[in-house]
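Chains, contacts and geometry: an overview
Here is what each chain is made of, one letter per residue.
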Amino acid sequence: MNGLEKIVARMEADTQAACDALAASAAENAAAILRDCQAQADAVTRDSAQRVEAQAAEHLEHLNGSSQLACRQRAAKQQLIDEAFARAAQALAALPQAEYVDLLAALAAENGSGDEELLLSAHDRETVGAAVVDAANAKRPGTAFRLSDETRDTGGGLVLRRDRVELNCSFTEKLRQLRQEESSAVAKLLFD
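Described below are features of the structure shown in this document. Residue positions are counted from 1 within each chain, in the order its sequence is given. Only residues with pLDDT of 70 or above have their local features reported here, since the model is predicted, and side-chain atom pairs are shown and tallied only from 80 upward, although totals for entire chains, interfaces and linings are computed over all residues. With hydrogens and water set aside, each side-chain value is computed from the structure's full complement of heavy atoms.

Turning next to the overall build of the protein. Numbering of helices and strands starts at the N terminus; helices are DSSP runs of H or I of at least 4 residues and strands are runs of E of at least 2. Across its full length, the protein carries 4 helices and 4 strands. Taken from the N to the C terminus, the helices and strands of the protein come in the order α-α-β-α-β-β-β-α. In terms of C-alpha radius of gyration, the protein reaches 46 Å, well past the compact-globule figure of 16 Å for 192 residues. Taking the principal axes of its C-alpha atoms as reference, the protein extends roughly 150 × 30 × 25 Å. Only protein chains enter the accessibility calculation, which uses a 1.4 Å probe; a residue is then buried when its area is under 20% of its type maximum, exposed when over 50%, and partly exposed in between. Counting all 192 residues of the protein, 22% fall into the buried class. By sequence separation, contacts in the protein at least 24 residues apart represent 71% of the contacts at least 6 residues apart. Radius of gyration here uses only the C-alpha atoms, and the compact-globule reference equals 2.2 Å multiplied by the residue count raised to the power 0.38. Should any heavy atoms of two residues lie within 4.5 Å, those residues are considered in contact.

Here it is in structure tokens:
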């Protein structure tokens, strides 16, 4: 190998060494950039996950609060409906005697076949029993309602009995049935 070839070989070796050093430096820079980007991506992912968790927790808390409020509102509405039906029972029991007799007679005539015994509360039996039987029989000609010797704690209203079969027409029972059938209409009247 002559002098020129040695110089060229040395230059090629130096160039190769410089290229290798440059490639190694570029690889280190690329790896550092990749680590930085990965660290930034991890930080963004953590931040996003934390925000999502915080939003989910906030949304869940809002839903829980809303559901608790709805439950309290429903309970308050239910209480108002209870009070409305309790007042209706009180109003029925406080009717003037003539209207009360007419109401009991109508209950018997509409719900009975005409040959039942009428069981009233002890107070009603004594005060309006005979009048109720007469009025019930007058409402449906050909009927033979009769006043029972027995009494029931009806809370107002009456019980119809034929043999061993009884039909509860007490105010409590009629209001319970009405409540089942008309509670949505009552709620609409009260709250709309």
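Right, let's talk about the sheet that holds strand 3 (residues 157-162) for a bit. Strands are labelled as partners when DSSP assigns at least two bridges between them. Read across the sheet, 4 strands follow the order 2-1-3-4 without closing on themselves; strand pairing throughout is mixed. Of all the strands in the sheet, the pair left with one neighbour each is strand 2 (146-151) and strand 4 (165-170). Averaged over all neighbouring strand pairs, the angle between strand axes comes to 30°, with direction disregarded. Simply put, an axis is a line fit to the C-alpha atoms, just over the touching stretch for a helix, and the angle between two N-to-C directions goes from 0 to 180 degrees. Against the sheet, helix 2 (residues 97-111) touches strand 1 (117-120), strand 3 and strand 4, its axis set at about 30° to strand 3.

Between the rings of Phe, Tyr and Trp (Trp by its six-membered ring), a pair exists once the centres lie within 6.5 Å; its type follows the angle of the planes, with under 30 degrees stacked, over 60 edge-to-face, and the other angles tilted. Summed over all chains, the structure comprises 1 aromatic pair. The interplanar angle of 85° and the centroid separation of 5.9 Å between the aromatic rings of Tyr100 and Phe171 together place this pair among those described as edge-to-face. One end of the pair, Tyr100, is in helix 2; the other, Phe171, is in helix 4 (residues 171-191), with 71 residues separating them in the sequence. For the pair Tyr100 and Phe171, one class covers both residues: buried.

Right, let's get into the packing of helix 2 against helix 3 (residues 122-139). As a packed pair, helix 2 and helix 3 sit with axes 8 Å apart at the nearest point and diverge in direction by 55°. One way to sum up the angle between helix 2 and helix 3 is to call them oblique. As for the relative orientation of helix 2 and helix 3, their crossing is right-handed in sense. Residues Gln97, Tyr100, Val101, Asp102, Leu104, Ala105, Ala106, Ala108 and Ala109 of helix 2 touch helix 3, and the partners they reach there are Asp124, Thr127, Val128, Ala131, Val132, Ala135, Ala136 and Lys139. For the contact of helix 2 with helix 3, the class distribution of residues is 12 nonpolar, 2 polar and 3 charged. Any angle between 65 and 115 degrees counts as roughly perpendicular, while under 35 counts as roughly parallel, over 145 as roughly antiparallel, and the rest as oblique. Each helix crossing is assigned a hand: it is left-handed if the near helix lies turned anticlockwise from the far helix by less than a right angle, otherwise right-handed if that turn is clockwise. Each residue is assigned to one class: nonpolar for Ala, Val, Leu, Ile, Met, Phe, Trp, Tyr, Cys and Pro, charged for Asp, Glu, Lys and Arg, and polar for all the others, Gly among them.

The next thing to look at is the side chain of Asn137. Relative to the helices and strands, Asn137 is located in helix 3. Here the side chain of Asn137 touches Phe145 through a polar contact of 2.7 Å, landing on its backbone nitrogen. Beyond its immediate chain neighbours, meaning those up to four positions away, Asn137 contacts Thr143, Ala144 and Phe145. Think of a polar contact as two N or O atoms within 3.5 Å of one another; within protein, one of them needs to be a possible hydrogen donor and the other a possible acceptor, and neighboring residues in sequence only count if both atoms come from side chains.

Opposite charge on two side chains permits pairing when their charged atoms draw close. Salt bridge, as used here: a side-chain nitrogen of Lys or Arg that lies within 4 Å of a carboxyl oxygen of Asp or Glu. Per the stated rule, a full pass over the model turns up 11 salt bridges. Linking Asp149 and Arg125 is a salt bridge whose minimum nitrogen-to-oxygen distance equals 3.3 Å. Of this pair, Asp149 sits in strand 2 while Arg125 is found in helix 3, placing the two residues 24 residues apart along the sequence. Within this structure, Glu117, Glu150, Arg152, Arg161 and Glu166 form a network of salt bridges that share partners.

Attention now moves to the side chain of Thr154. Its location among the elements puts Thr154 in the loop between strand 2 and strand 3. Within the structure, the side chain of Thr154 is placed 3.2 Å from the backbone nitrogen of Gly156, a separation counted as a polar contact. Beyond its immediate chain neighbours, meaning those up to four positions away, Thr154 contacts Leu119, Ser121, Val159, Ser170 and Thr172.

Mapped onto the elements, Asn111 comes out in helix 2. On the basis of relative accessibility, which here comes to 29%, the residue Asn111 falls in the partly exposed class. When the C-alpha positions of Asn111 and Leu167 are compared, they lie 8.1 Å apart, and in sequence the two are 56 residues distant. Residues in contact with Asn111, not counting those within four places in the same chain, are Leu160, Leu167, Cys169 and Lys174. In this structure the side chain of Asn111 is engaged in a polar contact, spanning 3.2 Å, whose partner is the side chain of Lys174.

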